[in-house]
Amino acid sequence: MSTATTEQPKKTAKRQSRTKLTIRRFARNRLALVGLAVMVILFLMAYIGPLVNKYDYLYHDYMAFNAPPGGDHWWGTNQGGQDLFALTMRGLQKSLVIGLLVGVISTLVAGAVGAFAAYYGGWADRILMWIVDLLLVLPSFLLVAVMSPAFQKAGWLIFVVLLSAFSWMITGRVVRSMTLTLKDREFVKAAKYMGVSGPVIIFRHILPSMASLLIIDTVIQVGAAVIGESGLSYFGFGIQAPDVSLGTIISDNTTNAPAYPWLFYFPAGCLVLIGVAVSFIGDGLRDALDPNASGAKAKAKKIKTGETKAGATNLSNQLQGPTTSTDVLSPS
Amino acid sequence: MGRYLLRKLANNLILVLLAASLSYFVAGLSLHPQSNYEGRNPPLAKSTIAKTLDDVNMNPDTPIVTRFITWADGVAHGDLGKTIDGSPVNDEVGRRIGVSTRLLLLATLVGSVGGVALGALGAIKQYKLFDRVTTLASFFILAMPTFVLALFLKLASIQFLGAGTIHFTGETDPEFAGHWDFAALGNRAEHMLLPGLTLVLIQVGLYSRYQRSTMLDVLGSDFLRTARAKGLRRRTALVKHGLRTAILPVVPLLVYNIVLLFVGATFTEKAFGWHGMGELLVNSITRNDVNATAAVSLFTAVLVLIAGILSDLMYAALDPRVRVR
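Keep in mind it's a predicted model, so treat the numbers as computed, not measured.

(A) Expanded view of the overall build of chain A. From N to C terminus, chain A includes 15 helices and zero strands. Burial statistics for chain A: of 332 residues in total, 55% are counted as buried. A fraction of 71% describes how many contacts in chain A between residues 6 or more apart in sequence connect residues 24 or more apart. Accessible surface, chain A as shown: approximately 14600 Å² in total, 66% of it carbon and sulfur.

And the structure:
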């Protein structure tokens, strides 16, 4: 805590230098830079690749079924003669956009709900946290899978909403517990007694103070969303034909993959690259944004990192309670 | 401690009931069981379809509330209803739990012990080669969706060992199905190899990350230095004082993940053709089987409840400070 108080005045005095410091710390982390570079390359590939490529992802080349990579079809073709590079880039676009949207939306919801619950306390807190508990118990993978075909006609944006709806709860809890400590700090009290309204205090004073957590969380959620989306699409519960995502490409070619392995390696490789890059960036950001994170805060974040792989459910994190001794009595 | 557990149990019970009911409503409203019978050639009579759907309590013309009450009444009496084929869901679930258990028991055991061991070792050897390799490997494994890992293992075994070297589809070869003699056990072990490896890798990847960071927190602590100072050997101090403390925060994660794997092994079961609970989750939805879907979500909710209690108990057993409170 002592380091935090000594850093405080510096932070407000020279705001620019803090950003610069963060960037410098981030740049010092080689893995984080690699992650960022991979991400940028993937984005460029996804959006510029199709412009350079000769084939559209929907075009069937009847002269080349299951053609190996090389020549005209850079990454080969599938059974129907579709260009694998075009397909994969299309899928990559979808995966990246969905990942980014879900990451941003779920973090925003988590920030808003957590901060409101803690700031207002009382019934607002109880009801909101109860909703969090309920959503954590609901089998999210199953429900999204059940509901998404019903919304099929509304397009993939509904899918984004569904994914976000089930991925904000744990961060919401972390934000809540951080807000509980922040709301007694002087700068919040000062704003309150000057007559600033609750929502403004939350969005202007409380949430910016935990920007580092929120930024890191967004990045982690992007990775989780990409993995979640690909899993649902793999089973046919996500993106629907004729549109494609990395999950559907892998799924469509499962039976042909042993004989024509590129059908698996290229799309799967892109998927894994996204995941690895995102976690490298997340780690680098954490080290850069708050290098001396410790205690409950660090633990909370560590638990969230695991979210990316907690399997079909988000439930493993009910355990937040026992990990921090103060939370043992909170119902979960 | 007892009262706290009871209150938590009551609260969780309500949540579980609510979650199961909500899931039933969502499934009942979104799934279309009639699509299994419509569009057939020759077409079935409307009344026949209605009759078939009525038999399994899935007729969309019956109000959802009425259907729910029928279902809930059955569940309260231990009957999960009928699948879309008209066979009891209870039998289906019972059989599938057996399959999932056979797949998961060994894999979770190896996975969790291995994950904890690798994580702790990685922390002790921080920034040495071993640590770097395991960290990077776990990054890659965690970045992989499960189905990618499963398909990769399948593909790699075909490409590098040749097709048919390892039999990985289903629980056994057809001729061994239902047998438990020596040869059949060998065959089962072979079938277990790749799905087991998938699950072990994922779990080791996940748990080792947590274990490594909690172990790092503990390594610099005073009590560990005291333990060494009073004359314990390094290994004894690390295991008895260090690991025991460092494993505490990981226990709830372990418990939740292990318990929930019973429905969470969906991708692995699907990829390798094991007819377990995870597979039922996907199959029930693709077949628009409302009762089976509801059964899976009820099962999941109950597992969450069990995991919650289990992790509290484990925590109390391992951490004296909680017991005192």
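That was the structure; now back to the text.
(B) View of the confidence of the model for chain B. All names here are of chain B. Predicted confidence across chain B gives a mean pLDDT of 86, with 98% of residues reaching 70 or more. No element of chain B has a lower mean pLDDT than helix H14 (residues 320-324), which averages 68, and none a higher one than helix H4 (residues 89-124), which averages 91. For this predicted complex, the interface confidence comes out at an ipTM of 0.82, alongside a pTM of 0.82.

(C) A look at the nonpolar core. Leu92, Ile250 and Ile274 of chain A together with Val148 of chain B are the most contacted members of the largest nonpolar core, which totals 127 residues. No other element matches the 16 residues that helix H13 (residues 262-289) of chain A contributes to this core. Two domains each provide a minimum of three residues to this core, namely domain 1 (2-76) and domain 2 (97-286) of chain B. Excluding residues that lie within four positions of it along the chain, Val148 of chain B makes contacts with Ile250, Phe264, Ala268, Leu271 and Val272 of chain A. Core analysis: the next-biggest nonpolar cluster, separate from the first, contains 19 residues, Phe168, Leu194, Val200 and Leu261 of chain B among them.

(D) Representation of the packing of aromatic side chains within the structure. Tallied over the full model, the rule gives 22 aromatic pairs over all chains. Ring centres 5.7 Å apart and planes at 50 degrees place the aromatic pair Tyr24 of chain B and Phe68 of chain B in the tilted group. With Tyr24 of chain B in helix H1 (residues 2-30) and Phe68 of chain B in helix H3 (residues 64-76), the pair connects residues that are 44 residues apart, well separated along the chain. For Phe68 of chain B, a relative accessible area of 16% corresponds to the buried category. One aromatic cluster in this structure is built from Phe141, Tyr234, Phe235 and Phe237 of chain A together with Phe147 and Phe267 of chain B.

(E) Inspection of the environment of Thr88 of chain A at higher detail. All names here are of chain A. Its location among the elements puts Thr88 in helix H4 (residues 84-120). Using a relative accessible area of 0% as the deciding quantity, one classes Thr88 as buried. In the structure, Thr88 is positioned 57 residues away from Leu31 in sequence and 25 Å away in space, judged by C-alpha atoms. Setting aside residues no more than four positions away along its own chain, Thr88 makes contact with Trp75, Leu246, Ile249, Phe266, Pro267 and Cys270.

(F) Structural detail: helix H3 (residues 30-52) of chain A. Residue and element names in this part refer to chain A. Over its 23 residues, H3 extends 31 Å from the first C-alpha to the last, a length consistent with the 33 Å expected when each residue adds 1.5 Å. Its axis deflected by about 35 degrees at Ala46, H3 carries its strongest bend there, up to four residues before the proline Pro50. Looking at where H3 begins, the residue whose side-chain oxygen comes 3.2 Å from the main-chain nitrogen of Leu31 is Asn29.

(G) Structural context of a nonpolar patch on the surface. All names here are of chain A. Nonpolar side chains collect at one region of the surface, where Leu33, Leu36, Val40, Leu44, Tyr47, Ile48, Leu51, Val52 and Trp74 lie side by side and expose about 840 Å² of accessible area between them. Mapped onto the secondary structure, Tyr47 falls in helix H3. Residue Tyr47 is classed as partly exposed on the basis of its relative accessible area of 39%.

(H) Representation of the pattern of salt bridges. Residues and elements named next belong to chain B. A full pass over the atoms with the stated rule returns 13 salt bridges over all chains. For Arg96, the salt bridge goes to Glu92, with nearest N and O atoms at 3.0 Å. Here Glu92 and Arg96 lie together in helix H4, a separation of four residues that amounts to about one turn. A relative accessible area of 7% means that Arg96 is categorised as buried.

Criteria and thresholds
Residues numbered from 1 in each chain as written. Chains lettered and ligands numbered in written order. Predicted model: local features only at pLDDT ≥ 70, side-chain atom pairs only at ≥ 80, totals over all residues. Heavy atoms only, no water. Helix = DSSP H or I, 4+ residues; strand = E, 2+ residues; numbered from the N terminus. Buried < 20%, exposed > 50% of the residue type's maximum accessible area, 1.4 Å probe, protein only. Contact = heavy atoms within 4.5 Å. Areas by Shrake-Rupley, 256 points an atom, 1.4 Å probe, with all protein chains shown as cover. pLDDT = per-residue confidence, 0-100. Core = buried A, V, L, I, M, F, W, Y, C linked by side-chain atoms within 4.5 Å. Domains from an automatic or database assignment. Phe/Tyr/Trp six-rings, centres within 6.5 Å; stacked < 30°, edge-to-face > 60°. Expected span 1.5 Å × (residues − 1). Bend = angle between axes of the 7 residues up to and from the residue. Polar contact = N/O pair within 3.5 Å; in protein donor to acceptor, adjacent residues only side chain to side chain. Patch = residues over 30% accessible without salt bridge, like charges linked within 9 Å, V, L, I, M, F, W, Y side chains within 5 Å. Salt bridge = Lys/Arg side-chain N within 4 Å of Asp/Glu carboxyl O.

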